[in-house]
Amino acid sequence: MSSQDVLKNASTLASYNVLLQVMFRVLTFLLNAFTLRFVSKELIGVVNVRLTLLYSTLVFLSREAFRKACLSGSDGGKHNWRQLINLLWLTLPLGVLWGALLAAVWLWLLEVPDPQVIPFYGPAVVLFALAGMQELLAEPLWVLAQAHMFVRLKVVAESLAMLAKCSMTVVLVVSAREWGLYIFSAAHLVYTGVLVLCYVVYFIRFLPSKEATKSNFPLRNIRDLMPHTANGEPLVDWTVARLTWSFFKQSFLKQILTEGERYVMTFLNVLSFGDQGVYDIINNLGSMVARFVFLPIEESFYIFFAKVLERGRDVKSQKQEDVGVAADVLQCLLKLVLVIGLIIAVFGYAYSGLALDIYGGSLLSSGAGPSLLRCYSCYVLLLAVNGVTECFVFAAMSQEEVDKYNLVMLALSVSFLFLSYVLTWWAGGAGFILANCLNMALRITHSVLYIRRYFLSSPWKPLRGLLPSPPLCLMLAVSAAVTAVSEAAFCCDSGWLLRLVHVGVGAACLLFVLGTVLLTETQLVMFVRMQLLPQYGKKHA
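Here is what the cut-offs are and how they apply
- Residues numbered from 1 in each chain as written.
- Predicted model: local features only at pLDDT ≥ 70, side-chain atom pairs only at ≥ 80, totals over all residues.
- Heavy atoms only, no water.
- Phe/Tyr/Trp six-rings, centres within 6.5 Å; stacked < 30°, edge-to-face > 60°.
- Helix = DSSP H or I, 4+ residues; strand = E, 2+ residues; numbered from the N terminus.
- Buried < 20%, exposed > 50% of the residue type's maximum accessible area, 1.4 Å probe, protein only.
- Salt bridge = Lys/Arg side-chain N within 4 Å of Asp/Glu carboxyl O.
- pLDDT = per-residue confidence, 0-100.
- Contact = heavy atoms within 4.5 Å.
- 1 Å grid on protein atoms, 1.4 Å probe; cavity = no way out; pocket = protein on both sides within 12 Å on 5 of 7 lines; lining within 4 Å.
- Points joined across faces, edges and corners; volume = space filled by probe spheres on them.

A. Quick look at the packing of aromatic side chains. Scanning all chains against the criterion turns up 25 aromatic pairs. Seen in terms of ring centroids, tryptophan 106 and phenylalanine 267 are 5.7 Å apart; in terms of plane orientation they differ by 90°. Their pairing is edge-to-face. Here tryptophan 106 is found in helix α4 (residues 91-108), whereas its partner phenylalanine 267 is found in helix α11 (residues 260-268), with 161 residues between them in sequence. Owing to a relative accessible area of 40%, phenylalanine 267 belongs among the partly exposed residues under this scheme. Measuring from ring centre to ring centre gives 5.2 Å for tyrosine 376 and tyrosine 379, while their planes differ by 85°; the resulting arrangement is edge-to-face.

If you want it as structure tokens, here you go:
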């Protein structure tokens with residue numbers, strides 16, 4: 001498969017992933033707004049922080065390293081898929097071990113919530129752990145689908161699973177509120193069950209089909225999806241297994257960085273369950289765009305870079321056409337996420353208070369809520385840039401470089417936990433965001449230096465994507481000043497009419513900013529039109 005074909009497929013995958021994440025976040029957004037009116041903030045804190053942390057830790061540590069290793073260069077021909085399937089099935093026993101260990105910690109070492117306020121905590125821990133193990137049953141199928149760009153399968157499977165989860169939550173919250181944590185445990189089990197079922201049904205129908213034969217799919221029947229060996233070949237590909245071990249050590253540290261504030265809240269008790277609930281709601285609101293735009297782009301283009309570039313080899317020893325395509329894509333991606341991040345930072349400052357008041361009323365808009373969301377708006381900018389730079393770096397690094405970077409991640413993990421603890425005592429919930437900003441800035445610095453060295457002897461300079469045009473910078477500065485004045489004059493205690501005026505001022509400023517982008521960032525506009533919006537590009541070709 002040529003680099004242009006891989007780029008086309010990765011772009012399509014990114015587009016579908018963005019649409020999928022938009023739907024997820026909208027549904028979650030509406031679900032949280034609904035449940036806020038039926039359950040206590042303490043219950044939300046336990047579910048969204050402690051139990052979700054248990055699930056995400058189990059799943060991430062069990063599968064993330066396998067995903068990265070098995071998708072590196074796996075275009076269906078470079079690896080023996082029988083060996084990869086055998087390796088991927090190791091995620092299940094690993095998940096059982098992590099589940100038993102984490103459940104024991106959550107039940108016996110952590111503070112148990114008051115059963116009068118939050119009942120059924122013990123069974124909920126077990127059920128969330130079982131949900132994580134259940135999801136791992138689909139892991140070999142997920143990797144197969146990603147490697148062969150089955151983009152619609154992921155969209156359909158996760159959409160149906162999310163709809164089932166939301167439906168179950170709404171029905172139980174309304175009809176059986178006294179069930180407490182059982183509501184959210186049952187909904188999560190339904191989510192993972194529907195997800196696994198969709199993947200299993202798809203491959204049962206696909207493998208014997210003519211389409212699979214025509215596309216030279218490496219597996220022929222459902223038995224090929226089970227762990228087994230062939231005569232004369234090792235059980236697993238040991239090169240991929242060693243790479244998995246390297247990624248596993250890194251994933252452990254990355255999980256601490258990704259979920260660091262939840263670990264600090266859970267293990268150090270720096271915030272009450274109620275405060276954890278409020279912080280988590282604002283955290284979800286603040287990271288909404290990061291999750292439904294930046295994360296799908298990072299996941300999809302990691303696959304693109306891993307397929308196009310040869311891991312561990314310098315630029316001169318690779319196909320120059322492929323390296324050139326990768327450099328151009330990296331530059332455009334950096335510019336794209338930078339522009340989106342700057343817009344969020346600028347407009348997030350003036351509209352955080354209004355957004356929280358509409359979403360959750362005085363529960364969120366009073367106190368530290370608006371300040372937390374303003375801080376998060378700035379953090380999103382760093383999150384966006386780091387996602388793209390790291391997805392390139394992880395695709396290009398050799399195994400030895402990955403091992404060395406594990407030491408960097410270890411230092412960052414320790415510093416993050418320390419900074420989170422200290423800054424939270426000093427600044428409350430905002431301390432978590434400040435600690436994240438500092439650590440993200442350090443990770444970006446490391447990745448930028450690696451990318452600069454990687455392309456130093458080549459004619460390509462993809463880091464120019466981090467330099468927005470001067471007219472765009474000027475327009476963003478003007479918009480920041482105008483919207484700040486508008487907030488002071490019209491928002492948010494003078495009635496809905498003046499609030500609408502404030503919204504109108506922001507909409508006008510945003511239109512001017514987008515117009516400036518269209519006029520000054522022509523390469524970025526062309527990339528978005530032809531790659532991230534492939535259907536639009538076909539219609540206008």
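Here the narrative resumes, following the displayed structure.
B. Structural detail: the pattern of salt bridges. Applying the stated criterion to the full structure yields ten salt bridges. Linking arginine 374 and glutamate 487 is a salt bridge whose minimum nitrogen-to-oxygen distance equals 3.0 Å. With arginine 374 in helix α16 (residues 369-396) and glutamate 487 in helix α19 (residues 470-490), this residue pair connects regions lying 113 residues apart in the sequence. Take glutamate 487: its relative accessible area is 13%, and that puts it in the buried class. Where arginine 443 meets glutamate 390, a salt bridge forms, and the shortest distance between an N and an O atom there is 2.9 Å.

C. How the structure looks around the confidence of the model for the protein chain. This prediction gives the protein chain a mean pLDDT of 84; 91% of its residues lie at or above 70. When mean pLDDT is taken per element in the protein chain, helix α5 (residues 121-135) scores highest with 96 and helix α22 (residues 534-539) scores lowest with 39. A low-confidence stretch, residues 535-541 stays under pLDDT 50, and its non-local contacts, those more than four residues away or across chains, total four contacts.

D. Geometry of empty space enclosed by the protein. Scanning the entire structure with this criterion turns up two cavities of 30 Å³ or more. Empty space within the second largest cavity amounts to approximately 30 Å³. What lines the second largest cavity is simply Phe60, Glu64, Ala65, Lys68, Phe247, Gln250, Ser251 and Lys254. Contributions of two or more residues to the lining of the second largest cavity are made by α2 (41-71) and α10 (238-258).

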